[in-house]
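Next come the chains, spelled out residue by residue.
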Amino acid sequence: MGLELYLDLLSQPCRSIYIFARSNNIPFEFKHVELFKDSVLGKKPAAGSGAEQPRAGPSNSEGAGKVSLLKKVPALKDGDFTLAECTAILLYLSRKYNTPDHWYPSDIQKRARVDEYLSWHHANIRANAPKTMWIKVLIPLFTGQPLPSEKLQEVMEGLSTSLKQFEERFLQDKAFIIGSEISLADLVAIVELMQPVGVGCDIFEDRPRLREWRRRVEDAVGKELFFQAHEMILNIKELSNIQIDPHLKEQLAPVLMKMLK
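What this report covers is the structure whose coordinates are included nearby. For clarity, every value in this text was computed on a predicted model and none was experimentally measured.

1. Some points on unusual backbone geometry
Positive phi, normally seen in glycine, also occurs at Glu85, with a value near 80°. Structurally, the position occupied by Glu85 is in the loop between β4 (81-84) and α3 (86-96). Phi angles above zero are rare outside glycine, and Gln172 is one such case at about 50°. Topologically, Gln172 is positioned in the loop between α7 (149-171) and α8 (184-198). Gln172 sits in the partly exposed class, given a relative accessible area of 35%.

What follows is the structure in structure tokens.
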């Protein structure tokens, strides 16, 4: 049995794994899992040109639940071996497939810099960037009511603080986070920062250093792959036009509201 990756490209951790695997020519079977179980996404991605592309067809949600003990994506199945969590999967793939050293350097200090960013990322960039999508699209979709503008402003202020730290502490005057080549740190960062862009909050517009870094990341992985992986998030507003099952609304609306308290 070959490598299977259970992913939904609406999820930023899933996109990082998808881009990493594709850009390194790692053979895998794409198992499309819909995070909102057919009710939110409404339509499935168009069929790709090969087994590694997102495919139309039944969701693999049930299969992902069996693969991941944590019942969430991303999830990896490699023969009898299964693995969850984005960072763990990225490191597993980099080691098994002996990907170029710049992704997770053998140099102990450069590797430590990647680890440092990945540790910082979760409590900072990831703590704020995804909330823009919940506030502007998903929560109104489930509750039928827009959130107060103050809530988005609060999140954007927190994200602005994190972006300032990102530029000054990690990016500095370098091409990428750890130097002249892309690493896992850059990949994990960029997919997270595309969440606000997808809902009309262009965080790169007034930040030239950040904007140039984004351009270099796109070039490093390939623009076609980059935008193919982000197609769903860049068209996220289309979700506002679909009908949500009333029972699903009743179940998830309170949960989504609690996420932002």
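What follows picks up the thread again.
2. Here we look at the packing of aromatic side chains
Considering all chains together, one arrives at 10 aromatic pairs under this definition. With centroids separated by 5.7 Å and ring planes inclined at 50°, the aromatic side chains of Tyr117 and Trp120 adopt a geometry described as tilted. One end of the pair is Tyr117 and the other is Trp120, both in helix α4 (residues 108-123) and three residues apart, which spans about a single turn. The burial state of Tyr117 is the same as that of Trp120; both residues are buried. Look at Tyr117 and Phe170: their rings are 5.2 Å apart centre to centre, the planes differ by 90°, and that puts the pair in the edge-to-face class. Taken together, the residues span a long stretch of sequence, with Tyr117 in helix α4 and Phe170 in helix α7 at a distance of 53 residues. A residue is classified by how much of its surface remains accessible, and Phe170, at 3% relative accessible area, is buried. Connected via pairs of aromatic rings, a cluster forms that spans Tyr117, Trp120, Phe166, Phe170 and Trp213. The ring of Phe204 is capped by Arg214, whose NZ or CZ atom sits 5.0 Å from the centre of that ring.

Definitions and limits used
- Residues numbered from 1 in each chain as written.
- Predicted model: local features only at pLDDT ≥ 70, side-chain atom pairs only at ≥ 80, totals over all residues.
- Heavy atoms only, no water.
- Helix = DSSP H or I, 4+ residues; strand = E, 2+ residues; numbered from the N terminus.
- Buried < 20%, exposed > 50% of the residue type's maximum accessible area, 1.4 Å probe, protein only.
- Phe/Tyr/Trp six-rings, centres within 6.5 Å; stacked < 30°, edge-to-face > 60°.
- Lys NZ or Arg CZ within 6 Å of the ring centre and 35° of its normal.

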